[in-house]
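# Summary of the model geometry
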Amino acid sequence: LVPLDTRGEWYRYHHLFADVLRQELHRAEPDVVPQLHRRAADWFADHDLSLDAIRHALTSGNSGRAAELVAEHGPVAALQGYADTALGWLQSLGEDAWTTDVRLCLAGMTVATLASRPAELVRWTDLAQTVLDRSDLEPDLEDEVRFRLALAQWSIASFAGDSVTALHHAENVERLAEGGSPVRRLGGLSAVGLSRLRAGRLQAADVALTRAGALAHELGNDLGVMTIRGAQSVIAAVGGLAHEAERLAAEAESRSNVHALAEHYDRFYVPFARGWLALQRGDVEPARDLLRRALQLVRRS
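Source: prediction; values computed, not measured. (Residues numbered from 1 in each chain as written. Predicted model: local features only at pLDDT ≥ 70, side-chain atom pairs only at ≥ 80, totals over all residues. Heavy atoms only, no water.)

### Observations regarding the overall build of the chain
Worth spelling out the cut-off: Put simply, DSSP marks the helices as runs of H or I at least four residues long and the strands as runs of E at least two long, and each gets a number from the N terminus on. Partly exposed describes any residue whose relative accessible area lies between the buried limit of under 20% and the exposed limit of over 50%, with all areas from a 1.4 Å probe on protein chains only and scaled to the type maximum. The contact rule is simple, with two residues in contact once any of their heavy atoms fall within 4.5 Å. Counting rule applied: Lys, Arg positive; Asp, Glu negative; His and chain ends not counted. For this purpose, a charge sits on NZ of Lys, CZ of Arg, CG of Asp or CD of Glu.
Scanning the chain for helices and strands turns up 16 helices and two strands. Viewed in the frame of its principal axes, the chain has a C-alpha envelope of about 75 × 50 × 30 Å. For the chain, the proportion of its 301 residues judged to be buried stands at 43%. Residue pairs in contact within the chain that sit at least 24 positions apart in sequence constitute 54% of those at least 6 positions apart. Of the side chains in the chain, 32 bear a positive and 41 a negative charge, and the two mean positions are spaced by 5 Å.

### A closer look at unusual backbone geometry
Unusually for a residue other than glycine, D48 sits at a positive phi of about 60 degrees. Within the element layout of this structure, D48 appears in the loop between helix 2 (33–46) and helix 3 (50–60). Phi is positive for S116, close to 55 degrees, though the residue is something other than glycine. Topologically, S116 is positioned in the loop between helix 7 (102–114) and helix 8 (118–134).

### Description of the nonpolar core
To keep it simple, the criterion reads: The definition of a nonpolar core used throughout is a set of buried Ala, Val, Leu, Ile, Met, Phe, Trp, Tyr and Cys residues joined through side-chain atoms within 4.5 Å.
By size, the foremost hydrophobic cluster in this structure holds 49 residues, and its most contacted members are V70, L93, L104, M109, W124 and V145. Grouped together as the second largest cluster of nonpolar side chains are 35 residues, A177, L209, A237 and L297 included.

### A look at the environment of E24
Along the chain, E24 falls in helix 1 (residues 15–28). We classify E24 as partly exposed; its relative accessible area is 38%. Along the sequence, E24 and R65 sit 41 residues apart, while their C-alpha atoms lie 27 Å from each other.

### Description of the pattern of salt bridges
Selection rule: In the sections that follow, a salt bridge refers to a side-chain nitrogen of Lys or Arg positioned within 4 Å of a carboxyl oxygen of Asp or Glu.
Evaluated as defined, the whole model comprises 25 salt bridges. For D222, the salt bridge identified is with R255, shortest N-O distance 2.8 Å. Highlighted residues: D222 in helix 13 (residues 222–238) and R255 in helix 14 (residues 242–256), separated in sequence by 33 residues. Looking at D222, the relative accessible area reads 16%, which means it is buried. On the basis of relative accessibility, which here comes to 16%, the residue R255 falls in the buried class.

### Thoughts on the packing of aromatic side chains
Each aromatic ring pair is characterised by the separation of its centres together with the angle its planes make. Where we set the bar: Pairs were defined over the aromatic rings of Phe, Tyr and Trp, the Trp ring being its six-membered one, requiring ring centres within 6.5 Å. Orientation was assigned from the angle between planes: stacked under 30 degrees, edge-to-face over 60, tilted for the rest. Both a distance and an angle decide whether a charge sits over a ring: NZ of Lys or CZ of Arg must be within 6 Å of the ring centre and within 35 degrees of the ring normal.
Summed over all chains, the structure comprises seven aromatic pairs. Among the aromatic residues, ring-to-ring pairing joins W10, W43 and F44 into one connected group. Stacked on the ring of W124, the Lys or Arg R123 has its end atom at 5.0 Å from the ring centre.

### Topic: the packing of helix 14 against helix 15 (residues 269–281)
Rule in force here: What counts as an axis is a line fitted to C-alpha atoms, over the stretch in contact for a helix, and the angles between N-to-C directions run from 0 to 180 degrees. Each angle gets one of four labels, with under 35 degrees taken as roughly parallel, over 145 as roughly antiparallel, 65 to 115 as roughly perpendicular, and the rest as oblique. Handedness of each helix crossing follows the sense of rotation of the near helix against the far helix: counterclockwise by less than a right angle gives left-handed, clockwise gives right-handed. Ten residue types, Ala, Val, Leu, Ile, Met, Phe, Trp, Tyr, Cys and Pro, are classed as nonpolar, four, Asp, Glu, Lys and Arg, as charged, and the remainder, Gly among them, as polar.
The contact between helix 14 and helix 15 brings their axes to 9 Å, and the two run at 155 degrees. Looking at the two axes, helix 14 sits roughly antiparallel to helix 15. Considering only the axes of helix 14 and helix 15, their crossing is left-handed. Where helix 14 approaches helix 15, its residues A242, A245, E246, A249, A250, A252 and E253 are matched on the opposing element by V270, R274 and L277. When grouped by side-chain class, the residues that make up the contact of helix 14 with helix 15 number seven nonpolar, no polar and three charged.

### Regarding the environment of D143
We count it as follows: What qualifies as a polar contact is a pair of N or O atoms within 3.5 Å, subject to a donor-acceptor requirement within protein and to the restriction that residues adjacent in sequence count only when both atoms come from side chains.
Tracing the sequence through the fold places D143 in helix 9 (residues 139–159). Placed 69 residues apart in sequence, D143 and G74 show a C-alpha to C-alpha distance of 21 Å. Here R184 takes part through its side chain, which lies 2.8 Å from a polar atom of the side chain of D143.

### Observations concerning helix 10 (residues 163–177)
The test is simple: A helix is expected to span 1.5 Å for every residue after the first.
Spanning 15 residues, helix 10 covers 20 Å between terminal C-alpha atoms, matching the ideal 21 Å at 1.5 Å per step. Turning to helix 10, the residues buried within the fold contact helix 9 and helix 11 (182–198). Residue G179 follows helix 10 closely and has a positive phi angle near 75 degrees.

### A few points about helix 16 (residues 284–298)
Short version of the rule: The directions from the helix axis to the C-beta atoms form the arc being described.
In this model helix 16 runs 21 Å from its N-terminal to its C-terminal C-alpha over 15 residues, within 8% of the 21 Å that 1.5 Å per residue would give. Those residues of helix 16 not exposed but buried are A287, A294 and L297. The buried side chains of helix 16 occupy one side of the element, clustering within an arc of 90 degrees when seen end-on. Contacts from the buried residues of helix 16 go to helix 15.

Below, the structure written as structure tokens:
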């Protein structure tokens, strides 16, 4: 046995010995292998180890259980920096699963957005619309699908740089989010705030983003806090509020150190705000370096 921690809780077999055991299992009792993978998937899911749970569920051949886990945990994995892994899970389930379980389409839309894959986002959005049009969904699920479709349409317009259309979709997202869950209200306020910022309506943007930031903090959404505080730091920098801009940029930066978010495209607000401040001070070379870094991150989206 090889220890995996210092508390004496987790161990693994030596790799060669584990391979021998697996080969013996497949030779002696091949029929029990899928059952063992299903049991492993359930155990990992019960202990909040979603990546391992999904891996075993997919290997077990139980597509229904695998789809359930991927729909629930795929977006969470993407938020933690494993967007490509989550897209791989979805791909492995196949088209039959996508077109019969709208939850997978919703997960695909979320993961594609977080991974900055506009073409993937369009594909999952079209699939979700197809399932919605031809399925008799429960009212609550239908309402959620319509909200998420509106949010996806906003994201598609934002990725394309179409600020006018994005603001129109953002206002629709905010309308659909009214009276909904905190997660939905966060989506609506974030969409409206960021779209107002890109349209140059800075004061109105800051109002929406302040409310969105409070919700993101309450929900423990590190990506949301990073993006919102970064956007607000830009607003403060443009308004000449240097100390406030740096405070907000520092908060966004601290959040970016969580879950591998330092390289996420929405972190561009931080070096952009600091570059703007440096330019206002006349520090041209530092400003140039910061704005180049911001541009590098922007190009990822």
